[in-house]
Amino acid sequence: MIARVIVDVPSRATDRPFDYAIPDAMAGWVEVGSRVGVPFGGRVLQGFVVGIAPFAEVDARKLKPVAELLDHLPPLSPDLVELGQWIAEKYCCPLTTALQAMIPSALKGKADSVVRLSEDAAAEPDGLFVAEEEPWLRYLRQQGGEARLALLQERFPEAAASVKAAIGRGTLEERVSIRDRLAVRKVLTVYPSEDADAVRAELANASARAAKQREAAQYMLEHAEPIPLAALAQALATTTGTIRGAEAKGWLAIRETEQRRDPYAGRGFGKTAPLRLTEGQQAVYDELAKAVDDASPRVFLLHGVTGSGKTEVYLQAIERCLKDDRQAIVLVPEIALTPQMVERFKGRFGDAVAVLHSRLSSGERYDEWRKIREGRAEVAVGARSAVFAPFKRIGLIIIDEEHESSYKQEESPKYHARDVAVRRANQHGAVVVLGSATPSLESFVAATASRGGLETAGEGAAAKRGASLLPMPDRVAGRPLPKVHVVDMRDELKDGNRSMFSRQLHEGLLRRLERGEQSVLLLNRRGYSTFVMCRSCGYTAQCPHCDISLTYHQKSRALRCHYCGHAEQEPKACPSCESEHIRFFGTGTQRVEEELAKLFPGIRVIRMDVDTTTEKGSHEKWLTQFGNREADVLLGTQMVAKGLDFPYVTLVGVIAADTSLHLPDFRAAEKTFQLLTQVAGRAGRHELPGEVIVQTYNPEHYAIVSARHHDYASFVREELKHRRFMAYPPFCRLILVTLSHEQLALVIGEGEKLAGALRDLARAAGIRGSDEGDGSRFMDVLGPVASPIPRMKDRYRFQCMLKYRGNVGAADLLQQAIAQLAGTNGQPPVTMSVDVDPQMIL
Ligand SMILES: Nc1ncnc2c1ncn2[C@@H]1O[C@H](COP(=O)(O)OP(=O)(O)OP(=O)(O)O)[C@@H](O)[C@H]1O
Ligand SMILES: [Zn+2]
Ligand SMILES: [Zn+2]
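Residues numbered from 1 in each chain as written. Chains lettered and ligands numbered in written order. Predicted model: local features only at pLDDT ≥ 70, side-chain atom pairs only at ≥ 80, totals over all residues. Heavy atoms only, no water.

Draft legend 1. Fine view of the environment of Arg479. As for its placement among the helices and strands, Arg479 is situated in the loop between strand 18 (468–472) and strand 19 (483–488). Each C-alpha atom of the pair Arg479 and Pro689 lies 8.0 Å from the other, and the pair is 210 residues apart in sequence. Among residues more than four places away in sequence, those in contact with Arg479 are Arg685, His686 and Glu687. (Helix = DSSP H or I, 4+ residues; strand = E, 2+ residues; numbered from the N terminus. Contact = heavy atoms within 4.5 Å.)

Draft legend 2. Representation of the nonpolar core. Ile87, Phe388, Leu634, Leu754, Met779 and Leu814 are the most contacted members of the largest nonpolar core, which has 122 residues in total. Residues contacting Leu814, with those up to four places away along its chain left out, are Ile735, Val737, Leu754, Leu758, Leu802 and Val834. (Core = buried A, V, L, I, M, F, W, Y, C linked by side-chain atoms within 4.5 Å. Buried < 20%, exposed > 50% of the residue type's maximum accessible area, 1.4 Å probe, protein only.)

Draft legend 3. Up close: the pattern of salt bridges. Enumeration over the complete set of coordinates arrives at 37 salt bridges. The residue Arg4 makes a salt bridge to Asp19 at a minimum N-O spacing of 2.7 Å. Linking Arg4 in strand 1 (residues 2–7) with Asp19 in strand 2 (residues 18–21), this pair joins segments that are 15 residues apart in sequence. By relative accessible area, which is 18% here, Arg4 ends up buried. Among the residues examined, Asp19 registers a relative accessible area of 14% and is labelled buried. A salt bridge links Asp794 to Arg791; the nearest nitrogen and oxygen atoms lie 3.4 Å apart. (Salt bridge = Lys/Arg side-chain N within 4 Å of Asp/Glu carboxyl O.)

Draft legend 4. Up close: the sheet that holds strand 29 (residues 691–696). Strands sit in the order 19-29-28-20-27-26 across an open sheet of six strands; the sheet is parallel. Both outer strands of the open sheet, strand 19 and strand 26 (605–608), are each paired with one neighbouring strand and no more. The mean angle between the axes of side-by-side strands here comes to 15°, regardless of whether they run parallel or antiparallel. In this sheet, strand 27 (residues 633–636) lies alongside strand 26 in parallel orientation, the contact comprising four bridges. Each residue of the ladder has a partner; that of Met608, found in strand 27, is Gly636. On the sheet, helix 18 (residues 503–515) packs against strand 19, strand 20 (518–522), strand 27, strand 28 (649–654) and strand 29 and is oriented at approximately 155° with respect to strand 28. Helix 19 (residues 589–599) rests against strand 20, strand 26 and strand 27 of the sheet, and its axis sits at about 150° to strand 27. (Pairing = 2+ DSSP bridges. Axes fitted to C-alpha atoms, helices over the stretch in contact; angles between N-to-C directions.)

Draft legend 5. Highlighting the site of ligand 1. Surrounding ligand 1, one finds 19 residues, the nearest of these being Arg276, Lys310, Arg344, Asp645 and Arg685. Between an oxygen atom of ligand 1 and a main-chain N or O atom of Gly309, the distance comes to 3.1 Å. A distance of 2.7 Å separates an oxygen atom of ligand 1 from a polar atom in the side chain of Arg685. Within the complex, the protein chains bury 84% of what would otherwise be the 630 Å² of accessible surface of ligand 1. Considering each element in turn, the shell around ligand 1 owes the most residues, three residues, to helix 12 (residues 310–323). Tallied by class, the residues present in the shell around ligand 1 amount to four nonpolar, eight polar and seven charged. (Near = heavy atom within 4 Å. Polar contact = N/O pair within 3.5 Å; in protein donor to acceptor, adjacent residues only side chain to side chain. Areas by Shrake-Rupley, 256 points an atom, 1.4 Å probe, with all protein chains shown as cover. Nonpolar A, V, L, I, M, F, W, Y, C, P; charged D, E, K, R; others polar.)

Structure follows, in structure tokens:
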């Protein structure tokens, strides 16, 4: 039999299956989805089996055999391999990149060379043409004749020649294996002896000297439960050696067992029972339950205002799905994957929940992943990549806060979890629920297009199957949405208030302090930087390697580049005009915190931003403290806007609403509206009514006006007008190609060639531009133009944008165009990065 293998070299030239013979010993073990080591260009590389065939396409005698099988259970299933093929095609990336994204990082092994003495050489030392006193040889014998080559090299750097010679003669054999970066964690565990009566009898007669050993044996007789060796030693205040002594006497047994890392171990999750659904929830649930029972693929957009009880609907829909003996995946934005969220799922489904997110160690993530694959979990809750959870029978995939841009991966494979989820649901006959209080325009339009007659690009995830809209317009228990006040900061300045807090927000905070209620303060930092500027000449400090302002870090008094890490000292005088009036501008969270302390002496503030949440578990710690009312104010960036549900929060303040409004991104208004609506939704979710104060310099902007009135519909109406006029998604689709290289001329030249090739290919295929024809099917090639960040890490960046509509095969044309630019090595002379359906235009 033949294995078709995709080797783990992410390049265009190797992006196809290569055939290998399956050795007899491995037959039956190698499957589609298996991870193997295969000889390739003089090395052994890791690869995935994507097909098994009876015959090779090349001369069978030239076929090399698969060198090793890396796992006994294949890490990928055939349906995931197929999904990978779809991703590679849609997002223009090598198949290996797509497949690698589906497995935990702990499984991404690296090649490792092992040398061992050949049988003959080991038996017959004289047969070796190396002096017996060679230290490396002595070492090798001590190690039982085998050692990692890297270790040998490290210990005996001078021995390279004689080791190589020995390999050349065949007295040393080299074997290349791919070791996982991380294996299953093993612990030594103590078990009671199988023959308890015999032990009892022996103990009765044993000498008094081995008191501690007897104690250990006695303990195991009384406690039938196995216990880790270290724990037993500690409990008995003795050494592990003593317990091993008892083992030697046969009084107990010590075995190696696998320890599973459970990041939530020891945390009691109070069991929750399903709530009685409100009328609105019930109507939605009924629809979902029916679809889950049907087991045919469907997509729903659940548009429920903040606090409408979407999570409870998810929980009960999952329950329904589990009853059918099918599994469920819940995707949550990384930033919202708070303990609060995890608790809700663990509380309902207990141990059947596996949690996958980036704050887990790679070992923990590996164990959670295996819990899914081995069928010990039925619900996976996780960030973007949890869409690849290795379940066998998926019945339901929920994407909470579906509008979040973090569902799009920014590195290759640049997939969107929403689209992947829809594809995966099709494979499994599963239901997809996209939930949000502020659905993305793409999803909303897809779910209403059939009814409203909107003609759009119509290829989005939701559009494929005609998504159905499920509205939940009211909060549970008739609670009102909070009142939103918009404060015009220009008026504040006119009236002589130069503080970053308007009089209203100041007043609001004061009242909360008096009443012992809590406030959430959001500093909108998107598009905001804390930069250093000279007030005399306007000079701003720039990174010497990237065309971007340096960011000021107060703690270290240093200027740092967020793209390349370049750091320098804060300047004392302006490098341009030598003025001393150079200082840092901008409102970082640190400055807000200082200002709060000044204005409200004794105020207790928890600050959450990238600086205070780097440590593992810090996120969780801050939120627990806030939940316990150990602070008056939770101050933070975007991360305080999502998913939090605290009963004593009655005020939400937005310090600078419009910093994100003027970004050079066609989604700027949409993102601002979403952020404001989401953060406003944190207030007054329980008995106490809430209030929101939004500070802005653009009070008449429709994004702000709509957020103020909780009016999603009017926002969408206005925004769609702009999108249609500018021909942006959802009225077309985009592919962004970024070219980068150290040489500017090369980048521009290749950019011109690429754009030219694309235009020629389009013309040859009979595809017109948007200004010709009726606009229902077109493709425009824009650029090349300098990227918004024109230089990064000393590399110049130019971009081309494909704007298209209808079935034009844009990704395919792009691949062809790039292939035309490729040199003899199969690669174009500059780096090209392709982003299909880009979320970040920056
Ligand atoms: N049927 C119900 N009866 C009583 N309380 C409910 C019910 N459903 C939900 N709740 C409560 O209402 C509150 C808001 O619900 P939930 O957090 O699920 O809203 P949401 O729609 O997910 O909001 P957001 O989009 O703001 O995160 C929660 O405290 C939840 O426990
Ligand atoms: Zn100056
Ligand atoms: Zn830089």
